[in-house]
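An overview of the molecular structure
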Amino acid sequence: PLGIAMYDADRRLITVNRASLRMFGFPDEREFEQFNMFDNPFLPPDAKQTLAKAESVHCEVVVDFDDARRKGMFVSTRQDKAHYDMLISNLGCDQEYRPRGYFAQIQDATQRRKIEADLRKLQTIGAEGGEAAGISGDLQDVPLTDMLQILCTGGKNMVIKVTNRSSKAEVFLQGGDITHCVIGDKQGEEAFYDL
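Below: a short report on this structure. (Residues numbered from 1 in each chain as written. Predicted model: local features only at pLDDT ≥ 70, side-chain atom pairs only at ≥ 80, totals over all residues. Heavy atoms only, no water.)

Let us look at the sheet that holds strand β8 (residues 177–183). Read from one edge to the other, the open sheet built from four strands follows the order β6-β7-β8-β9, with strand pairing classed as antiparallel. Looking at the sheet topology across the chains shown, the edges are occupied by β6 (158–163) and β9 (186–187). Pairing analysis gives two bridges linking β8 to β9, with the strands arranged antiparallel. Bridged to Ile 183 within β9 is Lys 186. Sheet strands touched by helix α6 (residues 144–153): β6, β7 (168–174) and β8. Its angle to β6, the strand with the most contacts, is close to 165°. (Pairing = 2+ DSSP bridges. Helix = DSSP H or I, 4+ residues; strand = E, 2+ residues; numbered from the N terminus. Contact = heavy atoms within 4.5 Å. Axes fitted to C-alpha atoms, helices over the stretch in contact; angles between N-to-C directions.)

Its location among the elements puts Glu 31 in helix α2 (residues 29–35). One buried charge, Glu 31, has no salt-bridge partner; the nearest side chain with opposite charge is Arg 30, at 6.3 Å. Beyond its immediate chain neighbours, meaning those up to four positions away, Glu 31 contacts Phe 26, Phe 74 and Val 75. (Buried < 20%, exposed > 50% of the residue type's maximum accessible area, 1.4 Å probe, protein only. Lys, Arg positive; Asp, Glu negative; His and termini not counted. Salt bridge = Lys/Arg side-chain N within 4 Å of Asp/Glu carboxyl O.)

Counting residues in hydrophobic clusters, the biggest one holds 31 residues, and the most contacted among them are Tyr 7, Phe 24, Phe 32, Phe 35, Met 37, Val 63 and Tyr 84. When residues no more than four places from it in sequence are discounted, the contact partners of Tyr 84 are Met 23, Phe 24, Cys 59, Glu 60, Val 61, Val 63, Phe 65, Arg 78, Ile 106, Gln 107, Asp 108 and Ala 109. The next biggest cluster of nonpolar side chains, apart from the first, holds 14 residues, and it includes Leu 119, Leu 148, Leu 151 and Ile 183. (Core = buried A, V, L, I, M, F, W, Y, C linked by side-chain atoms within 4.5 Å.)

A few words on α6. Within the sequence span of α6, burial applies to Met 147, Leu 148, Ile 150, Leu 151 and Cys 152. Immediately beyond the C-terminal end of α6, within one or two residues, lies Gly 155, with a positive phi of roughly 65°.

As a further point, take the pairing of strand β1 (residues 3–8). Sheet topology note: the β1/strand β5 (residues 101–108) ladder contains six bridges and is antiparallel. If you follow Ala 5 over to β5, its bridge partner there is Ala 104. Alignment of β1 against strand β2 (residues 13–16), held across three bridges, turns out to be antiparallel. Each bridged residue has a counterpart across the sheet, and for Tyr 7 the counterpart in β2 is Leu 13. Turn length for the β1-β2 hairpin, with the two strands adjacent in sequence and antiparallel, is four residues, and the turn residue Arg 11 shows positive phi of about 65°.

Attention now moves to the sheet that holds β5. Taken together, the five strands give an open sheet; going across it, the order is β2-β1-β5-β4-β3, and neighbouring strands pair in antiparallel fashion. Either end of the sheet is taken by a strand with one partner, and the two such strands are β2 and β3 (57–64). Neighbour to neighbour, the strand axes of the sheet diverge by 25° on average, direction disregarded. The pairing of strand β4 (residues 81–90) with β5 spans seven bridges and is classified as antiparallel. Across the sheet, Ile 88 pairs through a bridge with Ala 104, a residue of β5.

The following block contains the structure:
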């Protein structure tokens, strides 16, 4: 889900959607306001500088919820660290060149970062000549297209086995390109699109 928040010219929160509240684990809008999208310790310094100039910014923010809880910054049901991909856009200027407001888009990238870290570990094992057992686990929150894109960037040769209760599929990668797919009796492009 995509989190969305709207701010006025003075950077006061106008509205925030429920997806934003859920992905941060905030109980309500007041707690989301406490996070302060424009000036919080988790925002990268260069992003703060860009926002200070009333410009749009696209950045990744890593929030340590345990640390924030210890410091009493805000109330959240989230734990550990979470990664967020944020785009904060200036909604244009009025006649006196003051910002009209801001629009923020937020996406939780925590699962994607975890998968990328696991893949780096596997690549390190492969580079050292060790045997890698592979990645396994419950990936229900990760779209298959995202997973394939991450795996393709590694440029490796591999077979990705995808199973659920009713079917099994195999996707073959060679040099980071998808070369073949099999699911049930179907093969090739037809199987890939079914998958």
